[in-house]
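Structural overview for review
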Amino acid sequence: MAKYSKEDILRIVKEEDIKFVRLQFTDVLGTLKNVAVTVSQLPKILDEGMMFDGSSIQGFARIEESDMYLKPDLDTFVTLPWRPQHSKVARFICDIYTPAGEPFEGDPRYILKKTIKEAEEMGYQFNVGNECEFFLFQTDENGAPTTITNDEAGYFDLDPLDCGEDVRREICLTLEEMGYEVEASHHEVAEGQHEIDFKYDSALATADNVMTFKLVVKTIAKKYGLHATFMPKPIFGINGSGMHTNMSLFRDGKNAFFDENDSLQLSKTAYSYIAGVLKHVAGITAVTNPLVNSYKRLVPGYEAPCYIAWSASNRSDIIRIPASRGAGTRVELRSPDPSTNPYLCLALCLAAGLDGIKKNLDAPESVDDNMFDMTQKERDDRGIKNLPGSLKEALDVMEKDGLARETLGEHVYNAYVSCKNAEWDSFRMYVSQWEVDEYIYQY
């Protein structure tokens, strides 16, 4: 059921003294974009959408087909609490359409909607909860970010060690004012690292929430003179940031992953979903872990998963089944990081799991030992494969796997691969300080 009608929006805008509206959307690489309009334009935009030039947006249209339309999703309407309380600012998250009135195939939100529709045609509702980690860094005298953390706290520490507590508190209060249900917030393992968890929701709402969450975190951090980053591994030698992704399928109002008669209380649907994700996880890693830097996190010793296996208890596996059962039964994929485009990430996670269900795949034996303590031979003997070790390797595996191309479509797939190959080429040609320090005297 729709949350708002056009008439509701126009009434609220008048009652709340809203003067500006931001029309937000996300590009192929997961960057939030924005067009601001005055409320005088709102009735027309709600009826017809707003035309914009898509040729300048990463992965969108070519010059000869540049005109695109932003059409607001009315249910995403919310005022921005950090903006002035007189002449307020609100926002919509928008879908992108062609001049012919068709959904634009390059819109990441549309790709997730398509995949959700496939699940619905199979009788499933896809629910997701994300755990987003981030770092808070001090800024220099010019306001530019440093890699100096604003605290030396550790996991679950409190003030005075946790100097980010006030920032987290204001982030949580801002999110609640915007309609989020925040379940928990705490200091993470690394210095300057934090996590805020919000309640699970439908997949589309969750992806929208992740994009809004990133904006709120960065905005509030800046208010405190800090820089928030979702870069996966900003500092060598300490833990990186992940975005653990908790997934469940519901059918007829009941959790389709739960079976009280199974030894682990998991259904055949759950096992097949796990099998599908394990089958394709290496092939979607170029999207779930999209940066050159992402692969500095996916190394042994820092709690991030490197090996493709599952367990109901073991946090060294890429898939963990949290202890909750009944309606709370879920599959936690631990490899994604918060630099991913959440729309594409969730579309691919769902497509992988549905492939396992459609093909009635059996999950391999669970691995309940700490895989970081195993030798490579021990892992090989048990058939445990590694995640890709670099962005280039991940792109090669994605091409061979085929699921990403099928799910994303040719337009987004080709645009994404082109951007990421350019990123890899830029990285491999760059001479780093490590190379200078390591070689300049020796050779």
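None of the values given here were measured: they were computed from a predicted structure. (Residues numbered from 1 in each chain as written. Predicted model: local features only at pLDDT ≥ 70, side-chain atom pairs only at ≥ 80, totals over all residues. Heavy atoms only, no water.)

**Describing the overall build of the protein chain**
To keep it simple, the criterion reads: Helix and strand definitions here come from DSSP, where helices need a minimum of 4 consecutive H or I residues and strands a minimum of 2 consecutive E residues; each element is numbered from the N-terminal end. Both definitions apply: the radius of gyration is a C-alpha atom measure, and the globule rule equals 2.2 Å times residues to the power 0.38. For each residue, the accessible area found with a 1.4 Å probe, counting protein chains only, is set against the maximum for its type, and the residue is called buried under 20%, exposed over 50%, and partly exposed in between. Note on definitions: a residue-residue contact is assigned when non-hydrogen atoms from the two residues lie within 4.5 Å. Per-residue and other accessible areas follow the Shrake-Rupley method at a 1.4 Å probe size, with only the shown protein chains counted as cover for residues. Residues scored as charged are limited to Lys and Arg (positive) and Asp and Glu (negative), so that His and the chain ends carry no count. Charge positions are represented by NZ for Lys, CZ for Arg, CG for Asp and CD for Glu.
The helix and strand inventory of the protein chain stands at 13 helices and 17 strands. Radius of gyration (C-alpha) of the protein chain: 22 Å, near the 22 Å computed for a compact globule of 443 residues. Its C-alpha atoms give the protein chain principal-axis dimensions of roughly 65 × 60 × 50 Å. Counting only residues that meet the buried cut, the protein chain has 52% of its 443 residues in that class. Taking as baseline every contact in the protein chain between residues at least 6 positions apart, the subset at least 24 positions apart corresponds to 70%. When the accessible surface of the protein chain is totalled, it reaches about 20500 Å², and 49% of it is carbon and sulfur. Charge centroids of the protein chain, computed over 47 positive and 71 negative side chains, lie 4 Å from each other.

**Observations regarding the sheet that holds strand 5 (residues 88-97)**
Definition in use: Any two strands with at least two DSSP bridges between them are considered paired. Angles run from 0 to 180 degrees between N-to-C directions of axes, and those axes are lines fitted to C-alpha atoms, restricted for helices to the stretch in contact.
The five strands lie next to each other as 2-1-5-4-3, forming an open sheet whose pairing is mixed. Where the open sheet ends on each side, the last strands, each with one partner, are strand 2 (32-38) and strand 3 (50-53). Shown here is a sheet whose adjacent strand axes are inclined to one another by a mean of 40 degrees, direction ignored. On the sheet, helix 3 (residues 108-121) packs against strand 1 (18-26), strand 4 (67-79) and strand 5 and is oriented at approximately 65 degrees with respect to strand 5.

**Focus: the side chain of Asn130**
To keep things clear, this is the line we draw: Side-chain atoms alone can form a polar contact between residues adjacent in sequence; in general such a contact is a pair of N or O atoms within 3.5 Å, and within protein one must be able to donate a hydrogen while the other accepts it.
If you trace the backbone, Asn130 turns up in strand 6 (residues 125-139). Taking relative accessible area as the criterion, Asn130 reaches 2% and is therefore assigned buried. For Asn130, the side chain forms a polar contact with the side chain of Thr245, separated by 2.9 Å. Filtering out sequence-adjacent residues up to four positions away, Asn130 remains in contact with Asp197, Phe198, Thr206, Val210, Met243, His244 and Thr245.

**Quick word on the pairing of strand 15 (residues 317-320)**
Remember that side chains alternate between the two faces of the sheet whenever the strand is regular. In this sheet, strand 15 lies alongside strand 14 (residues 307-311) in parallel orientation, the contact comprising three bridges. Looking across to strand 15, one finds that Tyr307 is bridged to Asp317. Examined bridge by bridge, strand 15 and strand 16 (residues 331-333) share two bridges and lie antiparallel to one another. Bridge pairing in strand 16 places Arg320 opposite Glu332.

**Here's the deal with the pattern of salt bridges**
Defined as follows: Salt bridges are counted wherever a side-chain nitrogen of Lys or Arg sits within 4 Å of a carboxyl oxygen of Asp or Glu.
Under the criterion given, the structure shown has 22 salt bridges. The shortest N-O distance in the salt bridge between Lys88 and Glu16 comes to 2.9 Å. In this pair, Lys88 sits in strand 5 while Glu16 sits in the loop between helix 1 (6-15) and strand 1, placing the two residues 72 residues apart along the sequence. Of the residues examined, Glu16 reaches a relative accessible area of 33% and is grouped as partly exposed. Notably, a salt bridge pairs Asp95 with Lys113, separated by 3.0 Å at the nearest N-O pair. Taken together, the residues span a long stretch of sequence, with Asp95 in strand 5 and Lys113 in helix 3 at a distance of 18 residues. Among the charged side chains, a network of salt bridges with common partners joins Asp73, Asp95, Arg109, Lys113 and Asp208.

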